[in-house]
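Topology and contacts: notes
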Amino acid sequence: MTLKKLIFALFVLMCQLISAQNDTITNLKEVIVSDRTLYSSNKSQSIQILNDSVINKNQSSLSNLLNYNSVLYFKEYGRGMLSTVSFRGTTASQTAVIWNGINVNSQLNGSADFNTFTAPDFNTISIKAGGGSVSYGSGAIGGTVHLSNDLVFKNKFENDFRLDYGSFNTIGVNYKMILSNKKWSTQVGFSRNSSDNDYPYVNQYTWNGIQRKNENGQYATTNLYANVGYKVNPNSVVTFYSQSSNTDRNLSLISESDSKTKYVNTFSRNLLEYSVAKDRFSSNYKVAYLTEQYQYFENIDSNDFSFGKSESLIAKMDFGYQLLESIKLNGILDYNRTKGFGTSFGDNTRHIGAIAIKAVEQHNEKWQNELGFRKEESSDYDSPFLFSLGSSYVFNSFYNLKINLSRNFRIPTFNDLYWETGGNPDLKPESSYQAEVGNVFKYKKITLSETIYFIKISDLIRWAPLDGSNWTPENIDRVNSYGSETNLGWTNTYGKNNLALNASYAYTVSENVETGEQLIYVPYHKFNSNVSYSYKKIAATYQFLFNGAVTTPSQKYRFVKEYWVSNLGVYYDLGTKYTCKIGLQALNLFNQNYQSISQHYMPGRNFIINLTFKF
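The sections below set out a description of the structure shown in this document.

Reading the values: rules and limits
Residues numbered from 1 in each chain as written. Predicted model: local features only at pLDDT ≥ 70, side-chain atom pairs only at ≥ 80, totals over all residues. Heavy atoms only, no water. Helix = DSSP H or I, 4+ residues; strand = E, 2+ residues; numbered from the N terminus. Rg over C-alpha atoms; globule rule 2.2 N^0.38 Å. Buried < 20%, exposed > 50% of the residue type's maximum accessible area, 1.4 Å probe, protein only. Contact = heavy atoms within 4.5 Å. Areas by Shrake-Rupley, 256 points an atom, 1.4 Å probe, with all protein chains shown as cover. Core = buried A, V, L, I, M, F, W, Y, C linked by side-chain atoms within 4.5 Å. Pairing = 2+ DSSP bridges. Salt bridge = Lys/Arg side-chain N within 4 Å of Asp/Glu carboxyl O.

A word on the overall build of the protein. When its secondary structure is counted, the protein shows 6 helices and 37 strands. Its C-alpha radius of gyration of 24 Å places the protein within 12% of the 25 Å reference for a compact globule of 615 residues. Within the protein, the proportion of its 615 residues that are buried is 55%. Counting only contacts in the protein whose residues sit at least 6 apart along the sequence, the fraction spanning at least 24 positions is 62%. Just so you have it, the protein exposes about 26,800 Å², and 58% of that area is on carbon and sulfur atoms.

Below, the structure written as structure tokens:
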């Protein structure tokens, strides 16, 4: 597909569904929002919110949801395999995943595997573009992805149960129960997604003409969660969030002659939070205990494996004071103790303490200014002084201007520092300066946003064979990343007919300063669109995704060509008193042969049928 055709499709199909997303926080008397500062202190940056209705119309994996509904670019090592993200041309470890206000990027490798998350496990999923290290610490350079379990405080009892069955013996089960009143709120649920994953490769054959297929690609992901909130009084709330996950998967073979391997990844997250607000004062206390562990089996027929594990204790205090009617100040204290141990990096512990000060000035109803500073002290590295400065001005109902400047960073991981065959304990954190200007236009039921940005990254950590043989990480790269993100959406109702058109387009240049070359696996162009239609009990959705060509580190397979994929879903509500929906999705509708990582083919046309019960 040429760029000309892509731009034409952009304007024909409209863009990002901003109408289903807003920056408003629901009244705290009914809903406890797990990450309050995300909205109140970030008017100068773009925040996209995906609510229940968007989440439930997509596949269960977080990778697929975000790939088809945001500007994020994903690198997948085959269906259900490792899936990492690139936001604004940055690396996988430069996008932070925030779970109920806590940064949960891996302490071992710095990134997050988005195929270990199940999207329906969360009430709201938000994507904030741009730097966020002042609020969320390491990794928040390209942007942040927020996974939230918001608690409702009103009389409610609801069960949500979904079953999926699809091609390649793919099975999905998702259950959520909400029980609440004006004092208590409880959410419990579980999800399991598994597949034989033995799909044939489109138009790919062995030397003797046998159809190639995805071998050794079985996977199963199981998640359990429980969230409880209690209103001590009208001004204070205690909440507890808990989630555990296990992902057991074989690793798809590139060649039929490769050895069969296996990777098991588990994590556990527990967060206790207490919030109180009275008069001009507010305070929020968080204590979290996080664990993650992996086991790698070089031969699935053997019980031998290598492993890595981390245990993190996090304490955070946020004190707020309404200095004037128009000015609110927040002082934040952070402490993080992480112990990491494993086969290849020994047994190490590091301590991180941080202090941050943030101020929000609501000059008037139209104009908000934001200022923040953060400084960390660590046992392992010297941290840069971080800042964020932003302003949002609403000129009228048609136009809103947003400006943001920030300095952000990413700390070296346990693998970077302590890997026994090449770790470098003298590494510095990656540092970046970022500037962005956002323009938001609204006219009747149309919303258009256009953001341009520039990121200057220094001390980028890269593993290289500096002595000709042994690989070691060094702060040797500098990168300039710049581009634009365009979002445009429209919805309307004609009698009982509801129609929504939405899409997004990202143009990204991410160049190594020394070589002038685009970074590997960063496409210049990404475009997606969604068309939704409903009439009474019938609904249908059509999704389109285009990713431009990318370069790879391989000399033999230097490029991965551009690709486009379409999905079609049809749904019918069988229920009367209670909701009972049946849905059918045709994925990769036109049976495209494509891959996002070289030699890791994705499936051709396949189908999923699902049943959803809500009672």
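Picking up where we left off.
Located in the positive-phi region is Asn197, a residue other than glycine, with phi close to 60°. Phi is positive for Asn203, close to 60°, though the residue is something other than glycine. Of note, Asn203 is situated in strand β13 (residues 200–205). On the accessibility criterion, Asn203 (57% relative accessible area) is exposed.

A separate point is the side chain of Thr261. Tracing the sequence through the fold places Thr261 in strand β17 (residues 261–278). For Thr261, a relative accessible area of 10% gives the class buried. When residues no more than four places from it in sequence are discounted, the contact partners of Thr261 are Asn216, Asn250, Leu251, Tyr296, Phe297, Glu298 and Ile300.

Leu62, Leu65, Leu66, Leu72, Phe114, Ile125 and Leu147 are the most contacted members of the largest nonpolar core, which totals 35 residues. Of all the elements in the fold, those that place two or more residues in this core are α3 (52–56), α4 (62–69), β5 (95–99), β7 (124–129), β8 (143–148), β16 (236–251) and β18 (281–297). In this view, Leu65 contacts Leu50, Val54, Ile55, Asn58, Ala119 and Ile125; residues no more than four positions away in its chain are not counted.

Another point: the sheet that holds β5. In space, the 5 strands of this open sheet follow the order β2-β7-β8-β5-β6, with mixed pairing throughout. Edge positions in the open sheet fall to β2 (47–50) and β6 (102–103), since each of these has one partner strand only. In this structure, β2 lies alongside β7, joined through 4 bridges in antiparallel fashion. Bridged to Ile47 within β7 is Lys128.

Here we take up the environment of Val531. Within the element layout of this structure, Val531 appears in strand β29 (residues 525–535). Here the alpha-carbon distance between Val531 and Leu501, two residues 30 residues apart in the chain, equals 4.7 Å.

Throughout the structure, instances matching the rule amount to 16 salt bridges. Taking the shortest distance from any N to any O, the salt bridge between Asp459 and Lys428 comes out at 3.5 Å. Here Asp459, found in strand β26 (residues 446–464), pairs with Lys428, found in the loop between α6 (414–418) and β25 (430–443); they are 31 residues apart in sequence, far enough to count as distant. When the shortest N-O distance is used, the salt bridge between Arg462 and Asp477 registers 2.7 Å. In this pair, Arg462 sits in strand β26 while Asp477 sits in strand β27 (residues 472–494), placing the two residues 15 residues apart along the sequence. Taking the relative accessible area as the measure of exposure, Asp477 reaches 7% and is therefore buried.

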